[in-house]
Amino acid sequence: MTLPAAPPMTDAVKTLVWMTDTVGNVTYLSRDVRHLFTSGTTLSFAAYMQSVHPDDRQRVMETFGRATVMREEFQIDYRVIGADGSLHWVTGSGAPRFDAHGEFSGYTGALLDVTTRYEAIGRLEKSEATHRLLTENSSDLISHHAADSGIFLFASPSFERILGFDAEELVGKRSAYEFVHPEDRLRVDAEIARQMRESSSGSVVEFRARHKNGQYLWMSTNLKLLTDQLTGENTGAVAVTRDISAERQTREALQQSRNEMYSMLESIGEAFYAIDRDWRITYANRKAADFVGIAPNRAIGKRLLDVAPELLGTPMHQYFQQTLDTREKAFFEAYWEPRDAWAEVRVYPNDDGLSIYFHDISARRKAENAMRTSEQRLREVIEMTPAGYLLADGDGQIQEVNPALCRISGYEREELVGRKLDSLFATSPWDRSAYTAHGPASAQGQEAIIRHKFGNEVHVLFNGSIKRDELGQALSLTAFLTDITARKHIEYRLEHLATHDTLTGLPNRALLTERLQQMLAFSARDTTIGVLFVDLDRFKEVNDSFGHQPGDVLLCEVAQRFRHALRPGDVIARLGGDEFMVVAHCSEGRSSAAAIAEKLLGKLAAPIDIGAQHVFISASIGISMFPEHGGTRETLFQSADTAMYQAKGAGRNIYRFFEPEMGVAARTRMTLELSLRRALGGEEFEVYYQPRVDLKTMTVIGMEALLRWNHPELGQVPPMQFIPLAEERNLISPIGHWVLRQACRDTVDLMRKLGRPLRVSVNLSARQLRNSALPAEVQAVLDETGFPAPLLELELTESALVEDIEHSAHLLRQLKDLGVKIAVDDFGTGYSGLAYLRRFSLDVLKLDRSFVMQKESHTSHFDFIKAFVDLAHALKLSVVAEGVETDDTLQFLCSTACDEAQGYFIARPMPLAALIQYLRSPSLLSKQDTLSFN
Ligand SMILES: Nc1nc2c(ncn2[C@@H]2O[C@@H]3COP(=O)(O)O[C@H]4[C@@H](O)[C@H](n5cnc6c(=O)[nH]c(N)nc65)O[C@@H]4COP(=O)(O)O[C@H]3[C@H]2O)c(=O)[nH]1
C-alpha cells in the first residue's frame, strides 16, 4: 500500500487517519502526519512503536494490546517523536474493523495532534505544582474562607505546624473567626468591613490567633476578599497569614528599649537631639525642643537650620560642622541669643550624624557673673574702705593688702606683700597657735597694735577670720583693721580723767582704791602697807579768804611737793577738797610709815606763794597699817580717817597712827549713820519751834524750826551731832526737805488756829544750796502746803553761801523770785564781812550767839553792835539776835535797834503742841521759865 503524501503538521488539519491490519501494522496513514513516522508509505507496528515516546510506550502497548485482544475501541493520549525529532502529544483513538464476514480486519483510527493543549496543560500543571509547592511548603498560613461565615475552604499544611490544626480539622468545619482573640475581633471585623466598603484590594491586619494548645500567637494577615465579577458579591476571602510573634517580640523589645532610651533622654536633665548628615533632626527630647520653642514631634524630620535659623553662622553651628567633618567630639559653652541663655554643649559624632547634648547653664553663668560682679564690687570696696585689709596664707605670709593698710602701716604694698604677719603686728589676737590645727576660727572686734614703718604704734580694731582645711590647718587668714589710735588716745584721756584728779593730776580715789586693792591682793604675807590720810589744816580758811583760784594753786603746789616726797612705787591720790591719801609699801613697818608722814609734813614747812602772798599750811595725817589695822581697803581707809581726825583734834600738823580705841568713836559715828538712814524712813524726826519776838512790840512774830531726832535707844540726839553726819553722808537733802514740808504744814495749821500770820525760818545746809533743784523743791512744798512764800525764811550759814559764790548768788535770786526771805545764820563767826554779803540778795542777818554774848566783856561792844545794826538797816537787812539768854541782853539788844530776838530767855525750842499753848498765852515773856524743852 502506498501512503499519500501528507501536508506539514502546522499547515494541515492536525488529525490523521490510520488503518492497521490484524497484527497492528499500519496499512494506511494520512499523508499529513505520515512523515512523522516514516519516510515510506507503510509502517510496521514495531516501527510505529518506535515513534512513541519511550515513557509512554508501555502504556500505549498495553492499551493497544488490550483493545486488540478485546476488539475494543480505545483512546489514549501519548507522545510521539517525529522523524524530525519533534515531540508531539497526540490523542490516538481507534475502533476495530470487521469485514463483511464479521472477521476482524484490523483497526481504523485517528491521531489528533494535541501538542498545543498539552503544552498548555503542562504549563498549567507546572504552575499549579509550583503553587502547590509554595502552598504546601510555605511558612505562612494560606487559607481560603467562605464569605460571611469565614469557614475554611482551604488551609495550607502550615496550619498544623503553626496553629496545631491540620487542614482536615479546619476545612469545612471551623471558621477563621474562632481563632481570633476576643480583644482583636473588633479590629479584624473593622478591617473586613473597611475593605468591603472601599472595595480595596487587600490589607494587612494584625491580631492574636489561638493555637490548638490554647496559647495565642501574634499573626499578621494579608486578607483579600473575593468578589463575583458579575454580581459584585463577596464570595469569600483568601488570607496569607504569618506568625509574627517573634517579630512582634523583637519589635516590642525594640520599642521598649527605644521607649526606655527616650524616657532616659527625656529624664536626663539635659536637652538632647540628634541630627543626620543632612542636618535633619532625627530625635529631640522635650528639653531640646523647649529650648528652641517648638514641640518635639514638630521638630523631628525638619532641618535644624529651619527650626533654629538663628544658629546659622554661630560658633555652635561651626562646632557642629566641624564635628561632622572631623568625626571628633566637641565640648563647648555657647550663648543662645534667642533665649538669652547659655548652654554647655557636648557634640558626639555617630554613624548617622551627630548626637548633641546641651545643658542650660544660664543660672550658673548668671551666678558666676553675679559672683564676678560681686567679687569686683568687693574688690572695689576693699580698695576704697578706710579699714586696712590683708589676706595672708596659712603660714601667715601676707599675700594681699589694700591701700588703707598701706596708709595705716606706712609701708608700700610691695613692702607688705610677702612679709610675715608677726613682723607687722606688735600685738595681735593671732599668735603662732592661730595657724595650727584647731586654732581659733575668727577674732572679732579685738584690739591689736601695728608697728608703723616709722616705729610708732598704731592701734587697730582687728576683725579677722581663718579658713581651715578639714584637718583644721590654716589655709588663709583675712583681716580688716580699723585705725583706732585717735580713739585710744581719747579713751586714754578719758580713763585718765576718770582715774585722776583734774586739778592736781594726781590719781583720784577710784584709782587709789584699785591700786590698794591690787597691792593687797598681790602682797606677800610679810608685806606691810601704810595708808596715810592727809588733810590740810585750815585750808577752808585759806580758800574762803583768798578765793577758789588761789586755793587751787595751793592744792596743786601741795600735790607737787607730796609727789616729790614719795618713791615711784608709792601711790598718792587727791580724794577731793583738801584731802590726800598715800598708799605705800612700808618695809620697816610703822617707822617707814612715820618717815613718809614726816616727809610729807616737812614738805609743807616752806611757805607757798599764792600771787604776792606767802601762805603757811600744815596737814594732819592719820595712818593705818596693813595687816595690823585691817585686811581690807575699807577698814584701812576707815582707820586712817579715824586716825586723821585724832591728829586734827590733837593740835594739827602732826600724824597719828590708828589705835583701836579710836575705832570706838568711829564706830559710834557709823552706828549713828546707819540709824540716821533708818530714821528718814520712820517717824523718829520731829520739828521743834523756837519763837522769835519783835523787839519793838515784844510780840512773837514767828519762830525757827529746829530738827529733833528722837532716837529709840540713844534718846534725843542733838542736831549738832547728826546734821554734820547727814551732810557728810549725803543725807541732808532729804532730811532738809522733810523739815521744810513739816514746818510749812505746822505753821499753816498754827496760823489757821490762831488766826494771824506767823513767819517760820528753816535751816538749809550748804549741801542743799548746791542742789540746783532747790528752788523748784521749795516751790513744790509751798504749793503742796499752801504756805505763803513771804512768811517763809530760809536760813543759810555764811560759809555755805561763800562756798561757791556764783552759784549761791544765782540760786538765792531764784529763791527770792519765789517770794521767800533769806537769812544769814550764825553771822559773825565766819570770815566774810558785810560788804561781801552785798553780792547776795539777803533779807535777814542773824547775829550769832557768841557775837551777842560778847557784850559783857567789851564796853565798846554796844557801839559796835549799834553800828553794825545801822549798817545792816542801811543795806535794807533786818537783824535778828540769837541766843538771848538774859533779860540784860534783851534790853541791850532793844537799845541797839536790833529788830528781832530769840533765845532761851524768850523761849526754848518746843514741840508744836507746846508752841500752840505758848502762843495762846497772854503774857509771853513771863513764860520762859516754864516752857523749857531743850
Ligand atoms: N546756848 C544757847 N543756845 C540757844 C539759845 N537759844 C537757842 N539756842 C540754840 O541755838 C541753836 C540755834 O540754831 P542754829 O544757830 O541755826 O544752829 C542749828 C542749826 O545750825 C542746826 N540745825 C537745827 N535744825 C536744823 C535743820 O532742820 N536743818 C539744818 N540744816 N540745820 C539744823 O543745828 C544747830 C543746833 O541746833 P540746836 O541744837 O537746836 O540749837 C539751836 C538752839 O536750840 C540760847 O539762848 N542759848
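The present account deals with the structure reproduced in this document. (Residues numbered from 1 in each chain as written. Predicted model: local features only at pLDDT ≥ 70, side-chain atom pairs only at ≥ 80, totals over all residues. Heavy atoms only, no water.)

### Some thoughts on the environment of Lys 821
With respect to the element layout, Lys 821 can be found in strand S34 (residues 821-827). Spatially, the C-alpha atom of Lys 821 lies 6.1 Å from that of Leu 792, the residues being 29 residues apart in sequence. Aside from chain neighbours lying at most four places away, what touches Lys 821 is Pro 790, Leu 792, Glu 793, Leu 794 and Asp 843. (Helix = DSSP H or I, 4+ residues; strand = E, 2+ residues; numbered from the N terminus. Contact = heavy atoms within 4.5 Å.)

### Brief notes about the nonpolar core
Note on soluble globular proteins: their nonpolar side chains tend to be buried together. Judged by nonpolar contacts, the single largest core of 84 residues is most densely connected at Val 778, Leu 792 and Leu 794. With nine residues, the top contributor of residues to this core is helix H25 (residues 732-754). Aside from chain neighbours lying at most four places away, what touches Leu 794 is Leu 740, Val 762, Leu 764, Val 778, Leu 815, Val 820, Lys 821, Ile 822 and Ala 823. (Core = buried A, V, L, I, M, F, W, Y, C linked by side-chain atoms within 4.5 Å. Buried < 20%, exposed > 50% of the residue type's maximum accessible area, 1.4 Å probe, protein only.)

### Here's the deal with the layout of surface pockets
One number sums up the size of the second largest pocket: a volume of about 430 Å³. Looking at the second largest pocket, it is lined by 29 residues, and the ones nearest its centre are His 145, Ala 176, Tyr 177, Ile 192 and Leu 223. Contributions of two or more residues to the lining of the second largest pocket are made by strand S6 (141-145), helix H5 (158-163), helix H7 (182-198), strand S8 (203-210), strand S9 (216-227) and strand S10 (234-243). It is S10 that provides the largest number of residues to the lining of the second largest pocket, a total of five residues. Of the residues in the lining of the second largest pocket, the class split is 21 nonpolar, seven polar and one charged. (1 Å grid on protein atoms, 1.4 Å probe; cavity = no way out; pocket = protein on both sides within 12 Å on 5 of 7 lines; lining within 4 Å. Points joined across faces, edges and corners; volume = space filled by probe spheres on them. Nonpolar A, V, L, I, M, F, W, Y, C, P; charged D, E, K, R; others polar.)

### As for the sheet that holds S6
With antiparallel pairing, five strands are arranged side by side in an open sheet as S7-S6-S10-S9-S8. Strand pairing shows two members of the sheet lacking a second neighbour, strand S7 (152-155) and S8, which therefore form its edges. Each neighbouring strand pair of the sheet contributes to a mean axis angle of 30°, computed without reference to strand direction. Seen against the sheet, H7 touches S8, S9 and S10 and runs at an angle of roughly 155° to S8. (Pairing = 2+ DSSP bridges. Axes fitted to C-alpha atoms, helices over the stretch in contact; angles between N-to-C directions.)

### Structural notes on unusual backbone geometry
Generally, phi is negative for residues other than glycine and the peptide bonds are trans, each holding for most cases. In this structure, the amide linkage connecting Phe 626 to the following residue, Pro 627, adopts the cis form with an omega of 5°. Inspection of the secondary structure assignment puts Pro 627 in the loop between strand S27 (619-626) and helix H22 (633-649). In this structure, Arg 327 takes a positive phi of about 60° despite not being glycine. Relative to the helices and strands, Arg 327 resides in the loop between helix H12 (315-326) and strand S13 (330-336).

### Describing the side chain of Lys 648
Among the structural elements, Lys 648 can be located in helix H22. Of the residues examined, Lys 648 reaches a relative accessible area of 17% and is grouped as buried. Of note is the side chain of Lys 648, whose polar atom sits 2.8 Å from the side chain of Asp 535. If sequence neighbours within four positions are ignored, Lys 648 has contacts with Asp 535, Leu 536, Asp 537 and Ser 620. (Polar contact = N/O pair within 3.5 Å; in protein donor to acceptor, adjacent residues only side chain to side chain.)

### A word on the sheet that holds strand S28 (residues 655-657)
Pairing within the open sheet is mixed, and its five strands lie in the order S23-S24-S22-S27-S28. Unpaired on one side and paired on the other, strand S23 (571-576) and S28 mark the two borders of the sheet. Each neighbouring strand pair of the sheet contributes to a mean axis angle of 20°, computed without reference to strand direction. Judged from the seven bridges that link them, strand S22 (residues 529-536) and strand S24 (residues 579-585) form a sheet pairing that is antiparallel. Paired with Val 534 across the strands is Phe 580, a residue of S24. Taken strand by strand, helix H18 (residues 509-522) contacts S22, S23, S24 and S27, and its axis lies near 20° from that of S24.

### So, the packing of aromatic side chains
Counted by the stated rule, this structure contains 27 aromatic pairs. Measuring from centroid to centroid gives 6.4 Å for Phe 64 and Tyr 78, while their planes differ by 90°, and the two rings are edge-to-face. Of the two residues, Phe 64 sits in helix H3 (residues 54-70) while Tyr 78 sits in strand S3 (residues 74-81), which places them 14 residues apart along the sequence. Centroid distance Tyr 335 to Trp 342: 5.5 Å. Interplanar angle 45°. Geometry classified as tilted. A residue is classified by how much of its surface remains accessible, and Trp 342, at 26% relative accessible area, is partly exposed. What links up through ring pairs into an aromatic cluster is the set Trp 18, Phe 45, Phe 64, Phe 74, Tyr 78, Phe 98, Phe 104 and Tyr 107. Its end group placed over the ring of Trp 218, Arg 248 keeps NZ or CZ at 3.5 Å from the ring centre. (Phe/Tyr/Trp six-rings, centres within 6.5 Å; stacked < 30°, edge-to-face > 60°. Lys NZ or Arg CZ within 6 Å of the ring centre and 35° of its normal.)

### Focus on the packing of helix H20 (residues 548-565) against helix H21 (residues 590-603)
Their axes nearest at 9 Å, the elements H20 and H21 cross at an angle of 140°. The element H20 and its partner H21 pack so that their crossing is right-handed. Seen from H20, the contacting residues are Arg 561, Phe 562 and Ala 565; seen from H21, they are Lys 599, Leu 600 and Lys 603. Counted by class, the contact of H20 with H21 contains three nonpolar, no polar and three charged residues. (Left-handed = near helix turned anticlockwise from the far one by under 90°.)

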